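Chain by chain, the residues run as shown.
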Amino acid sequence: MLIIVGIPTLFAFLSYAVFRTDSLNGLFTIMSISFILLVPFGIGVITVYLSNIERIKSLSYRLMMPWVVIMVFFFITLFFGFEGWACWLMIMPVFFGAASLGGWLAGRARLRKHTNERLQISLLVLLPFLISPVERYIGEHPSIYKAYTYIDINADKVHIWNNATRVRGISSTEDKGWLTETLGFPRPIRAELNYNGVGGYRKAIFDKGLIFHEQVTDYTDQEFMRFTIKANPHEIPSTTMDEHVVIGGDYFDVIDGTYELEQLNRKTYRLHLYSHFKLTTTFNFYAGLWAGWIMKDIQNNILQVIKQRAEDI
């Protein structure tokens, strides 16, 4: 069992070392399909290839034994602070799925006793190192996404608008952002606005040193406010967010936000809040899901605070 777990874990750390250092002029980087798909795939291949043939006959073993190695790898990197919990949690489903696929293919090859079994296994394990240069050559493609949220509020529009444009201190009991809290993201503290109109400067302050600098670009009083958003990565302490998911960093950035107040009936208004954000990875198809969930969680959290305060007045 030590060999079955130890050798693929060693492979995981060797691969992590190569991809983590962005070595060879960017040919290998941890934020790549080659790492998040093919490295766990290789872990699954090695784990099952080293296993006893009797164990391999079990499909559940081939699919789930690689998960043990993945968990050992995750816990060690977390314990020594190599990576943050948020980063691993987001890619864990992909790691598990890719590792199971690798284990299934390796088990299939061993059970069928192919003549070139060792060569096939070796090529499968080397895939991340062979594919990564091709992936880097193709390059990253920035994509813009929209996160749309809204909430219905039974209150006077003046009270709603005042609570939306400026948000006084949010206590921990008012904070309902369950996803961002789980991922360890900074929680909202307050939002300040120096002027109600185009050109106004708005500052959204989160804990752990995260600040969104916002400039109002379009404004209709008690109806509409659009603002650009900029987060300066150098202002954010390195312990606040994992470098791979830091807002304003190389991979994830928020572009703008918009509040729009719509009257539904005499007593009810719908407050819309939407934003645009940019992703720059080679796996935007997956990263976009998590980024959208995170942005919507942040926005829904703010909206429920606005609703509670407007309706309590």
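Residues numbered from 1 in each chain as written. Predicted model: local features only at pLDDT ≥ 70, side-chain atom pairs only at ≥ 80, totals over all residues. Heavy atoms only, no water.

Engineer: So what about the packing of helix α8 (residues 157–165) against helix α10 (residues 284–312)? Which residues, and what values?
Structural biologist: As a packed pair, α8 and α10 sit with axes 9 Å apart at the nearest point and diverge in direction by 140°. In terms of orientation, α8 lies oblique with respect to α10. The element α8 and its partner α10 pack so that their crossing is right-handed. Where α8 abuts α10, its residues H159, I160, N163 and A164 lie against I306, R309 and A310. Of the residues assigned to the contact of α8 with α10, the class counts are 4 nonpolar, 2 polar and 1 charged. (Axes fitted to C-alpha atoms, helices over the stretch in contact; angles between N-to-C directions. Helix = DSSP H or I, 4+ residues; strand = E, 2+ residues; numbered from the N terminus. Parallel < 35°, antiparallel > 145°, perpendicular 65-115°, else oblique. Left-handed = near helix turned anticlockwise from the far one by under 90°. Contact = heavy atoms within 4.5 Å. Nonpolar A, V, L, I, M, F, W, Y, C, P; charged D, E, K, R; others polar.)

Engineer: Talk me through a nonpolar patch on the surface; I want residue IDs and the actual numbers.
Structural biologist: There is a patch of nonpolar side chains on the surface, built from L119, L123, L126, L130 and I131 and spanning about 450 Å² of accessible area. By the secondary structure assignment, I131 is in helix α7 (residues 117–138). Here I131 falls in the partly exposed class, since its relative accessible area comes to 36%. (Patch = residues over 30% accessible without salt bridge, like charges linked within 9 Å, V, L, I, M, F, W, Y side chains within 5 Å. Areas by Shrake-Rupley, 256 points an atom, 1.4 Å probe, with all protein chains shown as cover. Salt bridge = Lys/Arg side-chain N within 4 Å of Asp/Glu carboxyl O. Buried < 20%, exposed > 50% of the residue type's maximum accessible area, 1.4 Å probe, protein only.)

Engineer: Please provide a residue-by-residue account of the pairing of strand β6 (residues 252–263), values included.
Structural biologist: Look at any regular strand and the pattern is simple: side chains alternate between the two faces of the sheet. As paired elements, strand β5 (residues 224–230) and β6 share 5 bridges and run antiparallel to each other. Across the sheet, residue R226 finds its bridge partner in β6, namely T258. In this sheet, strand β7 (residues 269–279) lies alongside β6 in antiparallel orientation, the contact comprising 11 bridges. In the strand pairing of β7, L261 is matched with L271. Between the antiparallel neighbours β6 and β7 lie 5 residues. (Pairing = 2+ DSSP bridges.)

Engineer: Please set out the sheet that holds β5 residue by residue, giving values where relevant.
Structural biologist: Sheet architecture is open: 7 strands sit in the order β1-β7-β6-β5-β4-β3-β2, paired in antiparallel fashion. Edge positions in the open sheet fall to β1 (143–153) and β2 (188–193), since each of these has one partner strand only. Mean inter-strand twist for the sheet, computed between neighbouring axes without regard to direction, equals 20°. Where strand β4 (residues 211–220) lies against β5, 7 bridges are found, and the strand directions are antiparallel. The residue bridging Q215 from the neighbouring strand is T228, located in β5. Helix-sheet contacts for α10 involve β1, β2, β3 (201–206), β6 and β7, and the interaxial angle to β1 is about 25°.

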